[in-house]
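The primary structure of each chain is shown beneath.
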Amino acid sequence: MAILRLVARRLLSSAPLLFLVSGLTFVLVSLVPGDPARTIVGQHATAEQYASVRAQLGLDEPLIEQYWHWLAKACHGDLGSSLFSGEPVTALLGSRLPVSLSLVVAGTAVSGVLGVALGLASARRGGLLVRAVDGLSLLGLAVPAFWFALVLIALFAVELPWFPVTGYVPLLDDPGEWARSMVLPVVSLSLGAVAIIAKQTRDSVLDTLGRDFVRVLEANGFRPRSVLYRHVLRNAALPVVTVLGVVLVSLLAAAVFVETVFAMPGLGSLTQQATVQHDIPVIQGAVLYITVLVVLVNLLVDLAYGRLDPRVRAS
Amino acid sequence: MTDRTTTVPDRATTVPPRPGLPRRLARRPAAVFAVGWLVLLTLATTGSALLTSHGPLEQDLDRVLAGPSGRHPLGTDTLGRDLLSRLLFGGRSTLFAVAEALAVYLVVGVGLGLAAGYLGGRVDRLITRAADLMFALPGIIIVLVVLSVFPGNLHAAMVTFGVLGSPGLIRILRAQTLGVREELYVAAARVAGLSRSAILRRHVLPRLASTVIVQAALFAAIVVTVQAGLGFLGLGAQPPDPSWGGLVADASQAIDRDPWMLVPAGVPLVITVVALGLLGDAVRDAAVENWSATPSSRRSPAAGPHAARAAAPTAPADPPDPAALLSVRGLSIAIGGAAVVQEVSFDVRAGETLGVVGESGCGKSVTSLGVLGLIPGGGRITGGRVVFDGVDLVAAAGATGASAASAARARVRGTGIAYVSQEPMVALDPTFAVGRQLAEAVRTHRGGTRRAARDRVLELLAMVNIPDPAAVARRYPHQLSGGMAQRVAIALALAGDPRLLVADEPTTALDVTVQAEVLTLLRTLQERTGMAVLIVTHDWGVVADLCHRAVVMYAGQVVERAEVEQLFALPLHPYTAGLLAANPHRAVLGRALPTIPGTVPPPGDRPPGCRFAARCPLADERCTAAPVALTEPAPDRITRCVRSAQLLLEAERR
């Protein structure tokens, strides 16, 4: 029950974010130069025809009412249709979502495992590994995912034909090909994330190692392995989980580039196309979806916090 | 002139003058490289027309995708355009975009950050809330929305990105401003009647300067990649105009024919971001170095002479007590190069209680941790022996026997020697229920099934007088009171049936009523289990209550060692006498409690002679001349005082 209450409370408190994003998008879109109604009816339509289309599109209402209508429809799962293909936006986004999700989740998992392992090792050994993590985090900042993806393609798809150059094979069609088509995108997505997580893990583990309880457990004969992997790691995990959430969100953004490079039919490449084509309903829908994903990620982080730290659970 | 009069009084309270940031940066090669590259890039892009003879749009269809040559230093693209020229001309839009986004970022970030931190109250809450909301958004997506509304308008995109990036800066500056605001010289300036904007401009902003530079460099690095990313997605400069991102997009079109083009298209971009990242790191490090320079330089020279002085004479042979369970001989410990504990020797016999007494900063706690081989703060044992039950637990690192000693320590911990710390509230892992931690200790030491371990845990909790063991076992450390937590910590220490319990001021952090309960508990436990106890304390009441013998420590050395009754009756060191006189348990009603004037000298600042001389009522020139050795003026009495014989005589005459 406590968990349900927490979930409900968190979802409620994220409502402002959803309003902010959708409202902001709406206001921006209302600034679009040009008149959709005019575009639809054409230059030679009568004034009545033009007015009826405007009314049909709701363009004759004040902005706040237009927003309200859009919101009411959105709550019923109606986000309008693509100006380009005429497809309903929800159907379009629904078909793209799994691709992005598998990419981002795989990227987070890979960078989480590698980052924590690297950070833990560099906290324990110091020396060369510390410099390696520092260097990696500088590279992670400096090497843009889209360029890194192209370098990977040049090396491991063109030069050595190990992986497909572009394209995406749905998991259910052929799991083996799906995995092969995911390798390069996930690697190019993970470079920066590994570095961020490794750095946070190192700082957090070093910080925890200096705490009193670690000395007490060691002094009372707890096995070093257990002290490190059960007790230190669990206490050090809290800030790492926060960073993991941030990484997940940033990967959602980076997916725009990686999906475009690898021609993957995901949310990111859809947003990019819609931006180029000024397909407003699709953009609005995509932004809404991505914001909802951000809210869900933050909720997951909070739940993980609760599992890891009894003090959070209690409050 | 009026300006003069306002600045003079607060100069006095300002931090001391320091070498300028540019000069400190010039000493760092990474910073020199970073600044050099950024300057070079700016010059090269602004003067690009002078550097290349080819225009960025000039096509040469006879030389498409040519590699580097004298004519085209970086080669040509799919239309035979010179890559160097396109790179340099494209760099202009990058620099311009960075300038735009950075300006917005700084204006919004610094303005709102300062406002939130300095004004506080409702303004602070409003700004913080808005910043938190914006922080959660993926910036790129919002920028894409802006670009779909204003097609190809990179200015709008960069302004938006500057705003979306600012919450990070707002948060950091807010926190720092809150700190600076409370500092004395800022408060003094407020009292002196300086206007709010003058205080912010003259006193607060300079302190935040290095943070702002660090954040700005990092943000600029991100803007460079984002601007290139937009260009790559075809949302920036429209072809055929050159841009860095567009170059990468062009390269991607030719990737199967000529992968070389990826190099000139991407490497300058990467180097630019690396340079900005290095610049940020260097500024941060230089700022940190500046704040911490004084204490560290003061500490290091102290290590040399004091390490040498550690070899002061130890007069009586002081052989290990053959009956002792624990024999510490000549134990010396250094932390951060400073000798914190020097030549400490004592014994603990099976079943007895030894008290280690002294003021704070005398090395008592470090000594007790040294017994377990767990020195905090990266310290290490520099000499001596710790023999437990006939096995030496200390061997210099790297020496033969070091791994044997560390294996011996691992074997002894928990089952031979257990440990109870000073702060019960932080002595347990906060993320595990009490019962699980205790069960892990039980299973580590005894093995056995989960069920057996659970039974033993309840038994242990009952042993330390926990009222409802089953309920407490399910609780987490933060749900326990201090006294309860200390009982649980004692139960944890008892899990391995130790033969010696090291307790480091186990009652200091507790309420007075709880202190007595915990002491009683320790005594009954000792009677029941027959274990020996080494208790660190500054409370004579604890010594009188529990201990058979006591070691008095001062400034890292043993100054007196004796049986407790003799020590109370006849202290043979003026420090012991002073401590006893200052004992609140002996306070006489209506008369001021005597105190020892002065403070314990810190490790770096210990005098060559008797370390207590400066505070000693009996000190004369013999005391300050040379190190004072331990002597044994009476059987089983050891003291480090040149007047010990005289003290003994005077006392016997009384």
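Our structure is the block above this text.
Everything numeric in this text was worked out from a predicted model, so none of it was measured.

Further remarks concern the overall build of chain B. From N to C terminus, chain B includes 24 helices and twelve strands. Relative to its length of 654 residues, chain B is extended, with a C-alpha radius of gyration of 35 Å against a globular reference of 26 Å. Taking the principal axes of its C-alpha atoms as reference, chain B extends roughly 110 × 75 × 55 Å. Out of the 654 residues belonging to chain B, those deemed buried represent 45%.

Tallying secondary structure elements over chain A gives 14 helices and zero strands in all. Counting from the amino terminus, chain A carries its helices and strands in the arrangement α-α-α-α-α-α-α-α-α-α-α-α-α-α. Its C-alpha atoms give chain A principal-axis dimensions of about 90 × 55 × 35 Å. Scored against the burial criterion, the 315 residues of chain A give a buried share of 40%. Pairs at least 24 apart in sequence give 72% of the contacts found in chain A among residues at least 6 apart.

For the rest of this paragraph, the subject is the nonpolar core. The biggest cluster of nonpolar side chains holds 154 residues, and the ones touching the most others in it are A149, L150 and A286 of chain A together with V223 and V248 of chain B. Every residue in contact with V248 of chain B, bar those within four places of it in the chain, is listed here: F146, W147 and L150 of chain A together with A228, F232, A265 and G266 of chain B. Core analysis: the second largest hydrophobic core is formed by 109 residues, I333, A408, M484 and L492 of chain B among them.

Note on interface size: it is often stated as the accessible area lost on association of the parts. At the junction of the two partners, chain A supplies 61 residues and chain B supplies 61 residues. Only α2 (15-30), α7 (128-142), α8 (145-159), α10 (212-219), α11 (224-261), α12 (267-277), α13 (280-308) and α14 (310-314) of chain A provide two or more residues apiece to the side of chain A that touches chain B. The residue makeup of the side of chain A that touches chain B, split by class, is 40 nonpolar, 13 polar and eight charged.

This part covers the sheet that holds strand β8 (residues 532-537) of chain B. Residue and element names in this part refer to chain B. The sheet built from eight strands is open, its strands ordered β6-β7-β8-β3-β9-β10-β12-β11 with mixed pairing. Unpaired on one side and paired on the other, β6 (417-420) and β11 (631-634) mark the two borders of the sheet. Direction aside, the axes of adjacent strands within the sheet are offset by 20° on average. Of the pairings in the sheet, the one linking strand β9 (residues 549-554) to strand β10 (residues 557-563) comprises six bridges and is antiparallel in character. Looking across to β10, one finds that V552 is bridged to E560. The strands touched by helix α13 (residues 364-372) are β3 (353-357), β6, β7 (500-504), β8 and β9; relative to β7, the strand with the most contacts, the crossing angle is about 150°.

Residues and elements named next belong to chain B. Relative to each other, helix α9 (residues 184-191) and helix α10 (residues 196-232) sit at 160°, their axes nearing to 10 Å. Judged by the inter-axis angle, α9 sits roughly antiparallel to α10. For the element pair α9 and α10, the recorded crossing hand is right-handed. Contact residues: α9 offers Y185, V186, A189 and R190, while α10 offers I199, H203 and V204. Of the residues contributing to the contact of α9 with α10, the split by class is five nonpolar, one polar and one charged.

Residues and elements named next belong to chain B. Even without being a glycine, D497 presents a positive backbone phi close to 50°. With respect to the helices and strands, the residue D497 is situated in the loop between α18 (482-494) and β7. A count of 13 C-beta atoms within 10 Å places D497 in the partly exposed class. Of note, A555 is a non-glycine position whose phi angle comes to about 50°, a positive value.

Residue and element names in this part refer to chain A. Note on placement: A254 falls in helix α11. The spatial distance from the C-alpha of A254 to the C-alpha of R202 is 24 Å, given a sequence separation of 52 residues. Excluding residues within four positions of it along the chain, A254 makes contact with A145 and L189.

Turning our eyes to something else, we now look at the sheet that holds strand β2 (residues 338-349) of chain B. Residues and elements named next belong to chain B. One open sheet holds the four strands; their spatial order is β2-β1-β4-β5, and the pairing between them is antiparallel. What marks the edges here is a single partner per strand, and that holds for β2 and β5 (391-392). Sheet analysis places strand β1 (residues 324-335) next to β2, joined by eight bridges and oriented antiparallel. When the bridges of β2 are listed, L331 appears paired with V344. Relative to the sheet, α13 contacts β1, β2 and β4 (380-388), its axis offset from that of β1 by approximately 115°.

Residue and element names in this part refer to chain B. In terms of residue burial, β7 counts as a mostly covered element, since five of its five residues are buried. Neither face of β7 is left uncovered, since the one carrying L500, V502 and D504 and the one carrying L501 and A503 both have all their residues buried. In this structure, β7 lies alongside β8, joined through five bridges in parallel fashion. From the neighbouring strand, V502 faces β8, where its bridge partner is L534. For the segment spanning β7, helix α19 (residues 512-529) and β8, crossover handedness is right-handed.

The rules behind each value
- Residues numbered from 1 in each chain as written.
- Chains lettered and ligands numbered in written order.
- Predicted model: local features only at pLDDT ≥ 70, side-chain atom pairs only at ≥ 80, totals over all residues.
- Helix = DSSP H or I, 4+ residues; strand = E, 2+ residues; numbered from the N terminus.
- Rg over C-alpha atoms; globule rule 2.2 N^0.38 Å.
- Buried ≥ 20, exposed ≤ 12 C-beta atoms within 10 Å, placed from the backbone.
- Contact = placed C-beta atoms within 7 Å.
- Core = buried A, V, L, I, M, F, W, Y, C linked by C-beta atoms within 7 Å.
- Nonpolar A, V, L, I, M, F, W, Y, C, P; charged D, E, K, R; others polar.
- Pairing = 2+ DSSP bridges.
- Axes fitted to C-alpha atoms, helices over the stretch in contact; angles between N-to-C directions.
- Parallel < 35°, antiparallel > 145°, perpendicular 65-115°, else oblique.
- Left-handed = near helix turned anticlockwise from the far one by under 90°.
- Right-handed = clockwise from strand over helix to strand, strands pointing away.

Treat this as a map of the structure, not an account of what it does.
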